[in-house]
Number of protein chains: 2
Amino acid sequence: MANASTLEMALLGLIGQKPQSGYDLRKTFATTAMRHYSDSPGSIYPALRRLESRGLIAQVNANGGADSRKRQEFALTGAGKGSLVAWLERELTRDDVMLRLGELLLRFAFMDGNVPRSTTIRFLDQFIRELGVYAGERRAQFEQSSARMPLHTGLLAFEMGIKGMETQLAWAQEARTRLAEKLP
Amino acid sequence: MANASTLEMALLGLIGQKPQSGYDLRKTFATTAMRHYSDSPGSIYPALRRLESRGLIAQVNANGGADSRKRQEFALTGAGKGSLVAWLERELTRDDVMLRLGELLLRFAFMDGNVPRSTTIRFLDQFIRELGVYAGERRAQFEQSSARMPLHTGLLAFEMGIKGMETQLAWAQEARTRLAEKLP
DNA sequence: GTGCACATGTAATGTGTTACATGATTAT
DNA sequence: ATAATCATGTAACACATTACATGTGCAC
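Residues numbered from 1 in each chain as written. Chains lettered and ligands numbered in written order. Predicted model: local features only at pLDDT ≥ 70, side-chain atom pairs only at ≥ 80, totals over all residues. Heavy atoms only, no water.

1. Regarding the relation of the copies chain B and chain A
Note on the identical chains: chain B maps onto chain A by a rotation of 180 degrees and an axial translation of 0.0 Å, with an RMSD of 0.0 Å. As the rotation angle and translation indicate, the two copies are arranged about a two-fold axis. Within chain B, the C-alpha atom positioned nearest to the axis of rotation is that of B:Gly164, 3.0 Å from it. When you check the interface residues of chain B against chain A, 100% turn up at the interface there too, and the contact is symmetric in its surfaces. (Least-squares fit on C-alpha atoms with pLDDT ≥ 70 in both. Contact = heavy atoms within 4.5 Å.)

The following block contains the structure:
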């Protein structure tokens, strides 16, 4: 596992937007669309310590002397910013599309402000291509299956998965158009 | 964690469809729409041992005597079937819809053959109600945000999440209609 | 008789979850 | 002063992943 976990990347991305404390991050996870990350201290504080020990984030508050239970704000270091950008710029693989759609969406969400617009467009192009192939294969497989056997909940669930991919595909195409319009 | 993991439930559901070996299950995870479960032996064999030790599955092959590296098939026990059905029948909560959509889809997929059609319909009704409320709230929040600030990738990703929910909502409504038609 | 698919397992590691614990600050 | 909220942390546990290890049976 040379790569950091997606929780760590979510933390890097958020801290990159503005320096924050562990408590701030927990609040974000508890109250926004990033709800599916746990807001429990047992996940976030250890993750912050790991990022700190790897030199990707550093404390920035003018924390007098006695630091016992005071607010500790973190900001990205140069290395942290580099690590974030490297993650955002990673080549997108078929496996990413098949297994890690959520992570791809997180990457996309953090692109503004961290990578040039052209990188975002290229990401969407790759995304559209890979997801198009995969969704097409699944759709064909579903048509075959549903012709051969009566409709049951297993098949319906399979269809739901495919419809989800098709929605994401349509969204990506529209997003690409919208972003390309204001490229300059 | 009173509940078994979702991997364990996936295994119970598959074994409930027909007795299978660990290797069969790995193949299923490696080649079907259930790809996002790891097909690594390090996850599946220990999970099978756990289910066996809890008495939810049992070996069924006429395994002569020397059992060294032979194929070992498992089937659901009575307790296993009971555990599977209890999971399928669990009341659906708001949190399930917000955080565990994948698990809900898995539950739905396994309903045929394990619970009566009326239970499946009730599940969809609850799903539609809870997801409708949640997706509506998110949509309103998105409209507010996108009116207040310029469109950026974070907002676009947020919108994608909402569109996914709306797709699932529409699918659930159609599935409910289709299943209710052939209730008798 | 060598290679490949079948088939099952263990050990090391990382990390997320839950539950518990505690100090600091602010409002009443 | 006392309750609520802010804020950080630890310990026990379960689990997934990766890499490694090993045996079986068949085809060529």
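2. A look at the nonpolar core
Burial of nonpolar side chains together is a common tendency in soluble globular proteins. Ranked by internal contacts, the top residues of the largest apolar core, which has 50 residues, are A:Leu11, A:Phe29, A:Met34, A:Leu48, A:Phe108 and A:Trp171. Those elements giving two or more residues to this core turn out to be helix 1 (6–17), helix 2 (22–31), helix 3 (41–53), helix 4 (78–89), helix 6 (101–109), helix 7 (117–148) and helix 8 (153–181) of chain A together with helix 8 (153–181) of chain B. At 8 residues, helix 7 of chain A tops the list of elements feeding residues into this core. By size, the runner-up hydrophobic cluster in this structure holds 47 residues, among which are B:Ala10, B:Leu11, B:Leu88 and B:Leu106. (Core = buried A, V, L, I, M, F, W, Y, C linked by side-chain atoms within 4.5 Å. Buried < 20%, exposed > 50% of the residue type's maximum accessible area, 1.4 Å probe, protein only. Helix = DSSP H or I, 4+ residues; strand = E, 2+ residues; numbered from the N terminus.)

3. Thoughts on the side chain of A:Thr28
Residues and elements named next belong to chain A. Residue position: Thr28 is located in helix 2. Overall, Thr28 belongs to the buried group, its relative accessible area being 18%. Leaving out residues up to four positions away in the same chain, Thr28 has contacts with Leu14, Gln20 and Met34.

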